[in-house]
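Architecture and fold: a report
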Amino acid sequence: MLVRTTPYYPHHLALGAEMMEKGGWLRPAFYTSPAEEVLHTRTAVGIFDVHSMGKFEVVGREAFRLMQYAMTNDLRRIEKGRQGIYTCLCNDQGGIVDDVIVYYLDDERFYLITNTLSREKVGRRLTELRDRLSADAWVVDVTNATAYLAVQGPKSAEVTAALFGDGICGLRYFEMAWFRFSGVDVLVTRTGYTGELGYELHFPSEYAYRMWECVMEAGRPSDIRPVGGYAIQMLRAEKGYRAYGTDMDESNNPYEAGLGWTVRLDKGEFAGRSALDEIRRRGVTRKLTGFRLDVETDALPGKGTALFVGGANAGRLTTVSPSPTLGCVIAMGYVDVSFAGTSAFELEGGRGIARAAAVPFYDPEARRLKTEVSRVGK
């Protein structure tokens, strides 16, 4: 299989990163240690190579019609040219093809971010739905053409403002704005995968190598450090963000994955609506649940580890992660609804106990998000 590198690859090598392959891309796993990188992001600021995420533009006279039909959330709830929205893209049976962020650039142009492993099937699904509607729109994969870089942590506003000016500080959660930097148009979005205050930068790929240098230089007074993929997964687990391909796929629907809030049945017809309406009325048979693990060995249980109550199979784990911030092992997994209210589950093979816990496990911006989240549909 051909393995691709991101435009930041020379910087990763120069910084001594341990590399890993994911979804056909060679990406940094860690630079120092995953735990150290998690804690630094929580207390200062980190720079993240997220270029391998899929990126699409949907353009044309009927771009809004296509996107409104394709997505479970209601795009009328976001402001054109100013906001994005988190949503699911489902198959006709209500299964999650991917969870995506959609930015409403203008009447004839949408920009969306997919997961690395889902890019190709998202493109196929959007094209299929365009053809179903005979919509006057085009689905364009801009993954290679568009560089993608994240700046996350309590000091991320300082770093981003040093590049683009104090106007960046006016962005609220899931808002976006265009900025001009050294002759380059940069779309800055206040989003991220860590639960911290953060910003993501989108710009032409030919400027990626230099942009990394500029962000690092702007972040020097704030002690910015590079953060690898292992830490990203720990950060997102602490926040309780689902990972596509780990916590959900087309065998899961938004209601059981805890994403029912993204499904707006009252917005009119959309792909998968009938199936999702039936699931909502019938009720789910399993639900994604959070856990703290009491494990008896250093080897953590893996994805798919079964959960038992009194010898009865009650579910399975999906995400299992150390939490450097909390100093414990956290997990998520699906539990049969007949075990709702159960507080403790036995891990397969007698490897320990999974104790039900509230998700998110760690939410450093809870108060801020509570005041802002209504603007983006959460």
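Bear in mind that the values here come from a model prediction, so they are computed numbers and not experimental data. (Residues numbered from 1 in each chain as written. Predicted model: local features only at pLDDT ≥ 70, side-chain atom pairs only at ≥ 80, totals over all residues. Heavy atoms only, no water.)

This next bit is on the environment of Thr-160. Tracing the chain through its elements places Thr-160 in helix α5 (residues 156-164). With 59 residues separating them in the primary sequence, Thr-160 and Gly-219 have C-alpha atoms 8.2 Å apart. With sequence-adjacent residues up to four places away left out, Thr-160 is seen in contact with Val-151, Gly-165, Ile-168, Val-188 and Tyr-199. (Helix = DSSP H or I, 4+ residues; strand = E, 2+ residues; numbered from the N terminus. Contact = heavy atoms within 4.5 Å.)

Turning to α5, a few remarks are in order. Here α5 lies mainly inside the structure; seven of its nine residues are buried. Of the residues making up α5, those classed as buried are Ser-156, Ala-157, Val-159, Thr-160, Ala-161, Leu-163 and Phe-164. Residues of α5 that are buried sit in contact with β10 (146-152), β11 (176-181), β12 (184-189), β13 (198-204) and α6 (208-218). Looking at the residues trailing α5, positive phi occurs at Gly-165, about 100°. (Buried < 20%, exposed > 50% of the residue type's maximum accessible area, 1.4 Å probe, protein only.)

The subject of this paragraph is the side chain of Thr-87. Relative to the assigned elements, Thr-87 resides in strand β6 (residues 84-90). There is a polar contact of 3.3 Å between the side chain of Thr-87 and the side chain of Thr-72. Polar side-chain contacts of Thr-87 include one of 3.0 Å to the backbone nitrogen of Asn-73. With sequence-adjacent residues up to four places away left out, Thr-87 is seen in contact with Met-71, Thr-72, Asn-73, Asp-98, Asp-99, Val-100, Val-102 and Thr-262. (Polar contact = N/O pair within 3.5 Å; in protein donor to acceptor, adjacent residues only side chain to side chain.)

Turning our attention to the nonpolar core. If you look at the biggest cluster of nonpolar residues, it comprises 41 residues, and the most contacted ones within it are Phe-48, Tyr-103, Tyr-111, Met-248 and Leu-276. Elements that contribute at least two residues to this core include exactly β6, β7 (96-106), β8 (109-114), β10, α7 (229-239), α8 (273-282) and β18 (328-336). It is α7 that contributes the most residues to this core, five residues altogether. Those residues in contact with Tyr-103, other than ones at most four positions away along the chain, are Gln-83, Gly-84, Arg-109, Phe-110, Tyr-111, Ile-113, Met-176, Thr-189, Thr-191 and Glu-200. Within the second largest apolar cluster, 33 residues are counted, among which are Ile-47, Ala-157, Ala-161 and Leu-163. (Core = buried A, V, L, I, M, F, W, Y, C linked by side-chain atoms within 4.5 Å.)

This part is about the environment of Phe-361. Its location among the elements puts Phe-361 in the loop between β20 (352-357) and α9 (366-372). Phe-361 gets classed as buried once you look at its relative accessible area, which sits at 10%. For the pair Phe-361 and Ser-323, spaced 38 residues apart in sequence, the C-alpha separation works out to 9.2 Å. In this structure Phe-361 touches Ala-237, Glu-238, Gly-290, Phe-291, Leu-326, Ile-330, Ala-331 and Met-332, once residues within four positions along its chain are discounted.

Before going further, it helps to spend a moment on unusual backbone geometry. Residue Val-359 is joined to Pro-360 through a cis peptide bond whose omega torsion reads 10°. Positive phi, normally seen in glycine, also occurs at Ser-182, with a value near 50°. Inspection of the secondary structure assignment puts Ser-182 in the loop between β11 and β12. The exposure class assigned to Ser-182 is exposed, which follows from its relative accessible area of 65%.

Further remarks concern helix α3 (residues 63-70). Counting buried positions along α3 yields six of eight residues, so the element is predominantly enclosed. Among the residues making up α3, those that are buried are Ala-63, Leu-66, Met-67, Gln-68, Tyr-69 and Ala-70. Buried residues along α3 sit against β5 (54-59), β6, β7, β8, α4 (119-133) and β9 (138-141).

Let us look at the sheet that holds β8. The strand order β6-β7-β8-β5-β9 describes an open sheet built from five strands, whose pairing is antiparallel. Strands at the two margins of the open sheet, each flanked by one partner only, are β6 and β9. When strand polarity is set aside, the average angle formed by the axes of neighbouring strands in this sheet is 30°. Inspection of the sheet shows β7 paired to β8 by five bridges, in the antiparallel sense. By the bridge assignment for β8, Tyr-103 is matched with Tyr-111. Packing against the sheet, α3 makes contact with β5, β6, β7, β8 and β9, and its axis sits at approximately 35° to β8. (Pairing = 2+ DSSP bridges. Axes fitted to C-alpha atoms, helices over the stretch in contact; angles between N-to-C directions.)

Its location among the elements puts Asp-49 in strand β4 (residues 46-49). At a separation of 2.6 Å, a polar atom in the side chain of Asp-49 contacts the side chain of Thr-6. One polar contact links the side chain of Asp-49 to the main-chain amide nitrogen of His-51, over a distance of 3.0 Å.

Looking now at the sheet that holds strand β14 (residues 225-227). Here six strands make up an open sheet; going across it, the order is β11-β12-β13-β10-β4-β14 and the pairing mixed. The open sheet is flanked by β11 and β14, the only strands paired with a single partner. Neighbour-to-neighbour, the strand axes of this sheet turn through a mean angle of 30°, independent of strand direction. Contacts between α5 and the sheet are confined to β10, β11, β12 and β13, with β13 contributing the most and set at about 35° to the helix. Along the sheet face, α6 touches β4, β10, β11, β12, β13 and β14 and points at about 15° away from the line of β10.

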